[in-house]
Structures are given as structure tokens and as C-alpha cells.
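# Report on the structure
Here is what each chain is made of, one letter per residue.
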Amino acid sequence: MTVATTTNTLVGLLVRHADDNTILCQRLGEYVSGAPELEEDLAVANVALDHVGVAMHLYEYAAELDGGEASMDNYAMLRSEREFTNALLVEQPNVDFAHVVARGFFFDVYQTLLWAQLSASTDERLAGIAARAFKEATYHLRHSRAWMLRLGDGTAESHRRVQAAVDAVWRFTGELFVAVDADSELVAEGIGADVAALKPEFDRIVDATLEEATLVRPSDPYQATGGRSGMHTEHLGHLLAEMQWMQRTYPGATW
Amino acid sequence: MAVEHQVQFDRTIEADEKIEPRDWMPDGYRSTLIRQIAQHAHSEVIGMQPEANWITRAPTLLRKAILIAKVQDEAGHGLYLYSATETLGISRDELQEMLHSGRQKYSSIFNYPTLSWADIGAIGWLVDGAAIVNQIMLQGTSYGPYSRAMVRICKEESFHARQGYAILMALAKGTDEQKAMLQDAIDRWWWPSLMMFGPHDSDSTHTEQSMEWKIKRISNDDLRQMYVDQTVPQAHYLGCSVPDPDLHFDEESGHWNFGAIDWDEFWTVVKGNGPMNRERINHKTKVWDDGAWVREAAVAYAEKQASRSTKIA
């Protein structure tokens, strides 16, 4: 099915953020029972659960605004790659624990700033969802930042691995702060967040953490974009094939 | 001295009071508990695998969220039970090593594969349901830390069993394909879940001594009968049958009589030749080995921090 996301810019905003959380939940879901110790399996599951919880609230709100056939699960389970508007960062594969940590860290910094701003949204319902999400993101950031430090300033091997992970995902961080044109009105009305304005604070937190972790900020200025307009890396298609398999195989069934 | 200790221990058991970690206990009591609680902890952890197998394919976001929460609970139960085992003077690393080398076991039920979404419901309803019957009994076990762990774990397990049954109810009300999926899952999980209670009392090597020590309060066969009695009507309520042609209700005793258990299958799986034994342990050891550098980094970082704070002080 096609969900009419363009008819309502707020729907577009809600779905975009929900897509981020859904896709990262899916990646973390792949990793449950694969973490280096039981405490981390628990933490990974916990973070994944928070992400899907926020996604459900956002999709639910979007579906109400969208009307018609739109529903939480239709957004998640019945849209194609080109219709997903998640950032490229969250669809990147787990690779190893260092990649899970680095990807999570950059995303967590972004989300704490995003939800902090959206919790002051003039749209009360969005503000409520954001306030809850902010609390969770703060906890996620504390966790991922602690691991950035442990891995960066741990052993030679952990340092090498986490630096490699930072280098690998760095090019997907810029997109998080690229404003979506359709949002300008929402930002002007105080509903949406001015994501570009969050970048200096992101840089400050990231630089301070990398320095403390004895890691180097990648010098390559190249930044990939496209996720917000449905131009994804090839990873997303496989992720969706797995996530949507049941709904695609048994159309119309109730679970 | 040893005699006084034994008398005190016997009195505590006799009075239905709890043995605590600092109390004297017979070596056999300690080793039995280590074996049993560790096996329970390992089962929670290995049991994460067949369920995590469906996290990425859960049919709706809500089902996905509930399943993640359940697997997270199991990791928590594992941690809690490892802590209870550590009170008996053995380390988590040693327990982990014994699991990987096959010297300690986990519940054989997790050596069966989860082949459809219905299996996630069947694990919640049948497997966690069987675990609850056993664990309710273990709330009254004589070792304090184990008993208290069971009280806490039982609460969460009953939520798991309910969510499992809810998954199956949705299938029972669904399409023909969903109903077939449901019946197939029951057909595959029924007998293995009956085997979860272990060998017949007459063949159980540990039962008699464990009952005397009040580690175990109800025998394998009695627990199994309780389980069958509560579960058969639930299967019928789903509009399903259980794969046992000999099953019938005995009006006189008020119990469901069931057919002979295939003990050859039971021992085959216990001895390592079930459908998924190798995969479960291989996954566990691979993850553990792959994560060595992470655990080493955490230790190295903690040591650096400690030496830094010493220098500052």
C-alpha cells in the first residue's frame, strides 16, 4: 500500500522519526543474544524496546492524522524501501560490537538534542512523546558514551576497532542535521525541530567524547545523504525483507 | 563439630526453614544446588536463542515489542540465577565454561527449532507454562536465594505464558493458514514440553535425595500430571488437539491420562543429538569468543581509571 505522507507535513515528520526508531530497533533486534556479555544482551534488548515503543507512538499519531488505511503496522510493514525516510545511519549493519556502539552513540547524541527540542513543540501530543523519548535517549547516550570511552581507551585492539567503526559510520552523521524542506513551515510554527541548529551542540559533545576516548574525528569531509528522500543504501532492502516477511506472506491476516 | 552441623542442617530442613549461603550444608546438597540452579540459569540464557530467532520477523510492532521484552526478561532471569549460584561458591566464569564444554546442561526443550511464528506462542504457553508449574513448586525450595529468585521469576513467567497464549488465540481466530500453523506448533512442542519434567520418578537419579533435602517438593510425574491437567483444556479452547491418541479424561481420578512418552527421543536430545544442540552451543561459544576483546577492553579501561584516581589522590 502507499501511505499518503505528502498530504500532511506533520505526518511526514512523525513517520520520518518513527522510521529511524523502527529501523534501529530492527538492527538491535538482530543483535539480541549476540552481545559480548549477558548484561549487554539485556541492554541491547532494552534500547531496542525503547526505540520500537517511541516508533509505535509516532506511527499511531501519524495514522490518526493520515486517516484511511493508515495504521501503525501498515507504515512499518507495508511500505517499500523508497517510501522509508529513515536516516542512512540507522540502517547500517551491526558488523561488530564497536559498530553497534559507534552507530548508537552518534544517534543517541542526535536524539537527545532532537527530543529535547521537540518536547517543547507547540503540538502537545508530539511534545508528550518527545518528553518520554528524551528520558530514554538520555539513558541510551549514557550507556553508549560509556562504551565509547571503554573501547577507545581500553586495549590496542578495542581502540583500533572502535576507531574503524567511527570512521565507517561518520559519513552518515551529517544527514541527521540536514533540514527537510517540507519541515520549514512546521519549524516556523514551533511544531517541528530546526535540526540544522542542533549541529554545533552535536559537534561539541562528539568532539569531547572522542577526545576523552583518545579517538580521532574523521577528517574526510564527505557526508552521504538520501535517506530522508527514500534513497537508501542497499542494506535497507534486506532489513525490510526480513521485517516485513510475515505481513507480505500472509496478506490481511491479524496477529 | 561436623555432627553438630549436620544436626542443625537437618533441623532447619525438618522445620521447613531456609538454608542460607553462610550456613553449613552437606557437600552433596551444595553440588546438587549448583547443578540445578546453574542448569536453570543456562536454560534462561540458551532459551533466548529460539525466541530471538523471531524478533526480526515478528508480524506486528506490538508483537515485536512484547517479544523483545520477554527475551530481555530472560537475560535478567539468567543474571539473577547466576548470582544465586554464585552464593554457593562458584564463579560465573566457571559456570559459563561448564556450559560451553557440555559439563553442565540446559533444558533440552531449547534444542528444538522455532520454525514458525506460532512456535513463539507455543513456547510462551507450553514451555513457560511447564516452567511455571516447576517454579511454583521451587518457590518452596529449601535454599533461600533460590527460593527468593523463584518468587520473582514466577511473576514474570506468568506474563510470558499469557502473552504466548494471546499469540495463539489470535491464530485460532485467524485464517486457515494460521490455524494450521497453530496446530503444527502444538504437534511439535507438546511431547518435548512433557519431557521438560524429566524422567519418570522410578528412573530419576536425583529425585529421592532432592525431595529429602526439600530442594524439590513435588516429584517429576506429579508435576507432569498437574501440567497436563491444566494444559489440555487450554488446547481444546484453542480449537486444537494434542498429538496423543491415548489421551482421555479419567472421570474417576479427575485427571487426564496420557500416552507413553518417547524416552528414546528424550535421551537422544539430552545426550546432544537433538535438532539444535550443536547450533545452540556453537552460537553461545562463538558470541563469547567474539566478545573477548570487548570484555578485555572493559577491564583495561577500569584499571586505567583506577590507577588515574590513585594518582590524583
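As the structure is a prediction and not an experimental result, all values here were calculated from the model.

Moving on, we get to the overall build of chain B. Looking only at helices and strands, chain B has 13 helices and two strands in total. Taking the principal axes of its C-alpha atoms as reference, chain B extends roughly 70 × 50 × 35 Å. Per-residue burial over chain B gives 56% buried out of 313 residues. In chain B, the 32 positive side-chain charges and the 44 negative ones have mean positions that sit 10 Å from each other.

So, about the interface of chain A and chain B. Each side of the interface is counted separately: chain A has 48 residues, and chain B has 46 residues. For the pair chain A and chain B, the summed buried area comes to about 4,000 Å², and 70% of that belongs to carbon and sulfur atoms. The salt bridge involving D153 of chain A is made with K304 of chain B; its shortest N-O contact spans 3.1 Å. Linking chain A to chain B there are 13 residue pairs in polar contact (both at pLDDT 80 or more). Elements with a minimum of two residues in the side of chain A that touches chain B: α1 (9–31), α2 (38–66), α3 (72–77), α5 (97–118), α6 (124–152), α7 (156–169), α10 (235–243) and α11 (245–249) of chain A. Broken down by element, the residue count for the side of chain A that touches chain B peaks at eleven residues, all from α2 of chain A. In terms of residue class, the side of chain A that touches chain B is made up of 26 nonpolar, eleven polar and eleven charged.

Helix length check: helix α2 (residues 27–46) of chain B, at 20 residues, gives a terminal C-alpha distance of 28 Å against a target of 28 Å (1.5 Å per residue), a fit within 8%. Counting buried positions along α2 of chain B yields 14 of 20 residues, so the element is predominantly enclosed.

Here we take up the confidence of the model for chain A. Confidence in the prediction of chain A, expressed as mean pLDDT, is 95, and 97% of residues score 70 or more. Here residues 1–7 of chain A is a poorly scored stretch, pLDDT under 50, and it has 15 contacts once near neighbours within four places are set aside; other chains count.

Glancing now at the packing of aromatic side chains. In this structure the tally under the stated criterion is 21 aromatic pairs over all chains. The interplanar angle of 50 degrees and the centroid separation of 5.3 Å between the aromatic rings of F197 of chain B and Y227 of chain B together place this pair among those described as tilted. Of this pair, F197 of chain B sits in the loop between α8 (176–195) and α9 (207–212) while Y227 of chain B sits in helix α10 (residues 220–237), and the two are 30 residues apart along the sequence. For the pair F197 of chain B and Y227 of chain B, one class covers both residues: buried. Judged by centre distance (4.9 Å) and plane angle (80 degrees), the rings of F266 of chain B and W267 of chain B are edge-to-face. Ring pairing ties together the aromatic residues F105, F106, F107, Y110, W170, F177 and F202 of chain A, which thus form one cluster. Here the basic side chain of R150 of chain A rests over the ring of W147 of chain A, its NZ or CZ set 4.5 Å away from the ring centre.

The subject of this paragraph is the environment of D108 of chain A. Residues and elements named next belong to chain A. Relative to the helices and strands, D108 is located in helix α5. Taking relative accessible area as the criterion, D108 reaches 4% and is therefore assigned buried. With 32 residues separating them along the chain, D108 and H140 place their C-alpha atoms 6.3 Å apart. In contact with D108, not counting residues within four places along its chain, are H140, L141 and S144.

In terms of nonpolar packing, the biggest core is built from 180 residues, with Y59 and L151 of chain A together with Y29 and L238 of chain B touching the most fellow members. Dropping the residues within four chain positions of it, Y59 of chain A is found in contact with V15, A18, D19, T22, M72, Y75, A76, R79 and F84 of chain A together with L61 of chain B.

For the rest of this paragraph, the subject is the pattern of salt bridges. Residue and element names in this part refer to chain A. Within the structure shown, the criterion is met by 28 salt bridges over all chains. For the salt bridge of D203 with K199, the shortest nitrogen-to-oxygen distance reads 3.0 Å. With D203 and K199 both in helix α9 (residues 199–212) and four residues apart, the pair spans about one turn of that helix. Judged by its relative accessible area of 17%, D203 is buried. Among the salt bridges present, the one from R217 reaches D207, with a minimum N-O distance of 2.7 Å.

A few words on the packing of α1 of chain A against α5 of chain A. Residues and elements named next belong to chain A. In contact at an axis separation of 12 Å, α1 and α5 are set at 155 degrees when each is read in the N-to-C sense. Considering their axes alone, α1 and α5 lie roughly antiparallel with respect to each other. Helix-helix and strand crossings are classified by hand; for α1 and α5 the assignment is left-handed. Between α1, through H17, D20, N21, L24, R27, L28 and Y31, and α5, the contact on the second element is made entirely by F97, V100, R103, F107, Y110, Q111, L114, W115 and L118. Counted by class, the contact of α1 with α5 contains ten nonpolar, three polar and three charged residues.

Right, let's talk about α2 of chain A for a bit. Over its 29 residues, α2 of chain A extends 41 Å from the first C-alpha to the last, a length consistent with the 42 Å expected when each residue adds 1.5 Å. Within α2 of chain A, 21 of the 29 residues are buried, which leaves the element mostly enclosed by the surrounding structure.

Position of H77 of chain B among the secondary structure elements: in helix α4 (residues 61–86). Once residues lying within four places of it in the same chain are set aside, the contact partners of H77 of chain B are E44, I153, E156, E157 and H160 of chain B.

When pLDDT drops low, the exact placement of atoms in the prediction is not to be read closely. On average, residues of chain B score 95 in pLDDT, and 99% of them are at 70 or above. Scoring the predicted complex yields pTM 0.96 and, for the interface, ipTM 0.96.

Despite not being glycine, V95 of chain A has its phi angle at roughly 55 degrees, a positive value. Along the chain, the position of V95 of chain A falls in the loop between α4 (88–91) and α5. Despite not being glycine, K214 of chain B has its phi angle at roughly 60 degrees, a positive value. Looking at where K214 of chain B falls in the secondary structure, it is placed in the loop between α9 and α10. Judged by relative accessible area, which is 17%, K214 of chain B ranks as buried.

What follows deals with the layout of surface pockets. Residues and elements named next belong to chain B. Of the pockets and cavities examined, the largest pocket occupies roughly 1,200 Å³. Q39, S107, N134, M196 and G198 are the residues nearest the centre of the largest pocket, which is lined by 48 residues in total. Elements with a contribution of two residues or more to the lining of the largest pocket: α2, α6 (117–138), α7 (144–172), α8, α9, α10 and α11 (263–273). Ranked by residue count, the leading element in the lining of the largest pocket is α6, at eight residues. Tallied by class, residues from the lining of the largest pocket come to 21 nonpolar, 17 polar and ten charged. If you add up the space inside the second largest pocket, you get close to 450 Å³.

Reading the values: the criteria
- Residues numbered from 1 in each chain as written.
- Chains lettered and ligands numbered in written order.
- Predicted model: local features only at pLDDT ≥ 70, side-chain atom pairs only at ≥ 80, totals over all residues.
- Heavy atoms only, no water.
- Helix = DSSP H or I, 4+ residues; strand = E, 2+ residues; numbered from the N terminus.
- Buried < 20%, exposed > 50% of the residue type's maximum accessible area, 1.4 Å probe, protein only.
- Lys, Arg positive; Asp, Glu negative; His and termini not counted.
- Charge placed at Lys NZ, Arg CZ, Asp CG, Glu CD.
- Contact = heavy atoms within 4.5 Å.
- Buried area = accessible area lost by both parts, 1.4 Å probe.
- Salt bridge = Lys/Arg side-chain N within 4 Å of Asp/Glu carboxyl O.
- Polar contact = N/O pair within 3.5 Å; in protein donor to acceptor, adjacent residues only side chain to side chain.
- Nonpolar A, V, L, I, M, F, W, Y, C, P; charged D, E, K, R; others polar.
- Expected span 1.5 Å × (residues − 1).
- pLDDT = per-residue confidence, 0-100.
- Phe/Tyr/Trp six-rings, centres within 6.5 Å; stacked < 30°, edge-to-face > 60°.
- Lys NZ or Arg CZ within 6 Å of the ring centre and 35° of its normal.
- Core = buried A, V, L, I, M, F, W, Y, C linked by side-chain atoms within 4.5 Å.
- Axes fitted to C-alpha atoms, helices over the stretch in contact; angles between N-to-C directions.
- Parallel < 35°, antiparallel > 145°, perpendicular 65-115°, else oblique.
- Left-handed = near helix turned anticlockwise from the far one by under 90°.
- 1 Å grid on protein atoms, 1.4 Å probe; cavity = no way out; pocket = protein on both sides within 12 Å on 5 of 7 lines; lining within 4 Å.
- Points joined across faces, edges and corners; volume = space filled by probe spheres on them.

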